[in-house]
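So the chains spell out like this:
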Amino acid sequence: MSEEVVQCQGVTRVYADDAVPVHALRGVDFAVHKGDWVSLAGPSGSGKSTLLHIIGGLDRPNDGSVSVDGEDLGPLSEAQLSDLRLRKIGFVFQAYNLIPVLTAVENVEFIMQLQGVGASERRDRALEILDRLGLDDIGDRRPGELSGGQQQRVAVARAVVTDPVLLLADEPSANLDTATTKELLELLRNINENHGVTIVTATHDPMVMGYAKRPVNLRDGAIESDAGATAPSPDA
Amino acid sequence: MKLRLLVQLGWRNLWRHKRRNGILLGGITFAVASVVLANSFIRGMQVQMADNAVDLMNGHVKILAPGYLDDPGIAQSFEVAQDWQPDALDGITPDMVAGWASRVRVPAVIMSERETRGIQLVGIDPASENISFVGKLAVEGEGLADAADRRVIVGAGLAEQIETLVGRRIVLITQGADGRNREAGYRVAGIYRTDSSSLEKIFVFTGRDTVQNLLETNVVTELSVRVTEERFGPPLLQRLANVFSGLDVMTWQELDPTAAAMTAIIDVAILVYFFIMMGALSFGLVNSLVTAVMERTREMGMMRAIGMRPRSVLLQVVLESTLIMGAGIAGGVLLGVLVYLPIADGVDLAAFDEALSTFGLSNVLVPQLIAQDVILVVVLSLILGFVASASPAVRCMKMGPLEAMRR
Ligand SMILES: Nc1ncnc2c1ncn2[C@@H]1O[C@H](COP(=O)(O)OP(=O)(O)OP(=O)(O)O)[C@@H](O)[C@H]1O
Ligand SMILES: [Mg+2]
């Protein structure tokens, strides 16, 4: 039996702020196995981001349950969710991932600072990950001095430096050209295959879907097709 | 450890917007400096008002016979030993007492060859009048030599009215304790000038013994004691009240309620002034602080999304504003003091002469820089800066990391 890093049951999310409530997710049952790379696909508004946020403890479902690494998110307070994100989840957002006043190395170190990792260990690990991801030559630059692709790769470095159980990326390639996207995806594949990091991406980009192991299609807040729902997970 | 991270972030962020933060810093510095300076001037006025009231022959504490205030005359009087000393009192040391003076002050009529006027005749010992304005008078002619001097000093305003000059003779008529009038002729030794023309028309001075001789008595109508510092007033008042039981022992505030009320209002005015000044000047500053926080909503959302505790994010933002407020306040206080130092001895306000003298102020205003006022400005400014940055940050914290990132 494979370990389940993410377990969603009947996840429902309704946005009721407008006159007409929007059903972003309608009872999604979904699991992510260890070592998986799931790619959430589907038309705009189908609920990809919403699901990703709920898995990442950034949003709460109106109904249903979510657990990450065996921990039920439902009863957690905001502060506990915050700690869970810090300890277990790496995030790569579409943009504005990095703190503008910190250099690339410092941005990678930042998350370890939050975790309370000591100064010298922090620096070593940050330099090591940048080196491993081929970013060692840009460590001293601030985000403003980096290209979009470089910024995204530094964001990946920051997201994985803490050895999270799960890496979540929402439209990581949205602002990148084809060549840069390819670089980023190779990086993610490397992390996924060689370092065993479980990845969930949400994207429109066919290139990203091509790299993922398991495409999941959403439509109108429900899973339309899931390559991994019946098939055994890769490392089972 | 965590705090170091927050301070480091705050510090870097300050340099991110050099120009804007520079303007902000300059604004805070200017606002704080101007409030510090303005406060020192307002305090200066307050001290001067109090000083004037004390100077007006009140002293800090004055002893009067009961009823004298309602019916000032020689009948309401008391005796003081020639060698009486306030600093011999229990708990009162010589360094607490600036001086004391006993006087005979009675209503009288002054007559020249041409005119007659009602005045206040004050018999003084010139040697002890360094505690009141009498000792500082600018006199044309000669001043009084001692308590036995048989000449008089009249104000310039009165001298003009009764058309007298230095060296001329005048006649004084006043009523004795027995109800009979006494009169005698005196020579004008000098004519004094003050900032206040009404004062010049009221007081006529001569030797204390001279008035006592005229009235065939050895009593005085008042005894004023001046202390070196305002805080010595209350203990002195208490001791005097014990020694002079049966007499009225009063503070200058009781004797001059208008001046006392004015000085009390100034305590409040300083606060009001702070809020007006900082309110007006800081409208832009508060705005900048708020904007600075608002425009980083997305960044704060991201920091929270990756697992930074809301409280830490909040602290970081507040710390940042506090750094800049702190620097501005320190600069402002420094600037204020630097401007204050060269004018600490007083500023000549001759241009505003008339307006000021109606408030009982003289031409030279000596600003008073008081630690307590500076601390007040510092603390209030810090609170202002704290609120201006914390409130938008708290609003941002309330919206949740996702919503913040969407901004
Ligand atoms: N904060 C919100 N308030 C109201 N409605 C929202 C909010 N966030 C998302 N929605 C709605 O929920 C639905 C799902 O949105 P979601 O962002 O998950 O879609 P998506 O699949 O990520 O789309 P895209 O491909 O455009 O990113 C949409 O109809 C969207 O309008
Ligand atoms: Mg989306």
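Residues numbered from 1 in each chain as written. Chains lettered and ligands numbered in written order. Predicted model: local features only at pLDDT ≥ 70, side-chain atom pairs only at ≥ 80, totals over all residues. Heavy atoms only, no water.

A. Region of the structure containing the pairing of strand E8 (residues 198-202) of chain A. All names here are of chain A. A large share of E8 lies buried, amounting to five of its five residues. Sheet analysis places strand E3 (residues 37-41) next to E8, joined by four bridges and oriented parallel. When the sheet's bridge partners are listed, serine 39 is paired in E8 with threonine 201. For the crossover from strand E7 (residues 166-170) across helix H6 (residues 178-194) to E8, the handedness is right-handed. (Buried < 20%, exposed > 50% of the residue type's maximum accessible area, 1.4 Å probe, protein only. Helix = DSSP H or I, 4+ residues; strand = E, 2+ residues; numbered from the N terminus. Pairing = 2+ DSSP bridges. Right-handed = clockwise from strand over helix to strand, strands pointing away.)

B. Summary view of the nonpolar core. With 90 residues, the main nonpolar core has A:Phe30, A:Leu40, A:Leu51, A:Phe110 and A:Val156 as its most contacted residues. Tallying contributions element by element places helix H3 (residues 104-115) of chain A first for this core, with seven residues. Non-local contacts of A:Leu40, meaning those with residues more than four positions away in its chain, are made with A:Phe30, A:Lys48, A:Leu51, A:Leu52, A:Val200, A:Thr201, A:Ala202, A:Thr203 and A:Val216. With 42 residues, the next largest nonpolar core counts B:Leu121, B:Ile170, B:Val204 and B:Phe232 among its residues. (Core = buried A, V, L, I, M, F, W, Y, C linked by side-chain atoms within 4.5 Å. Contact = heavy atoms within 4.5 Å.)

C. Inspection of the confidence of the model for chain A at higher detail. Residue and element names in this part refer to chain A. Within chain A, residue pLDDT values average 88, and 96% of them lie at 70 or more. Across chain A, E8 holds the top mean pLDDT of 94, while helix H8 (residues 227-230) sits lowest at 64. In the model, residues 231-236 has pLDDT below 50 throughout and makes six contacts with residues more than four positions away in sequence or in other chains. (pLDDT = per-residue confidence, 0-100.)

D. Up close: the packing of aromatic side chains. Residues and elements named next belong to chain B. This structure, assessed with the given rule, holds nine aromatic pairs over all chains. Consider the rings of phenylalanine 133 and phenylalanine 203, whose centres lie 6.3 Å apart with planes at 50°: the pair is tilted. Of the two residues, phenylalanine 133 is situated in the loop between strand E3 (116-124) and strand E4 (138-141) and phenylalanine 203 in strand E8 (residues 203-207); the sequence distance between them amounts to 70 residues. Judged by relative accessible area, which is 10%, phenylalanine 203 ranks as buried. Between tyrosine 192 and phenylalanine 205 the ring centres are 5.7 Å apart and the planes differ by 55°, which places this aromatic pair in the tilted class. Of this pair, tyrosine 192 sits in strand E7 (residues 181-193) while phenylalanine 205 sits in strand E8; the two residues are 13 residues apart in sequence, bridging distant segments of the chain. Residue tyrosine 192 is classed as buried on the basis of its relative accessible area of 0%. Taken together through their ring pairs, the aromatic side chains of Phe78, Trp84, Trp100 and Phe244 make up a single cluster. (Phe/Tyr/Trp six-rings, centres within 6.5 Å; stacked < 30°, edge-to-face > 60°.)

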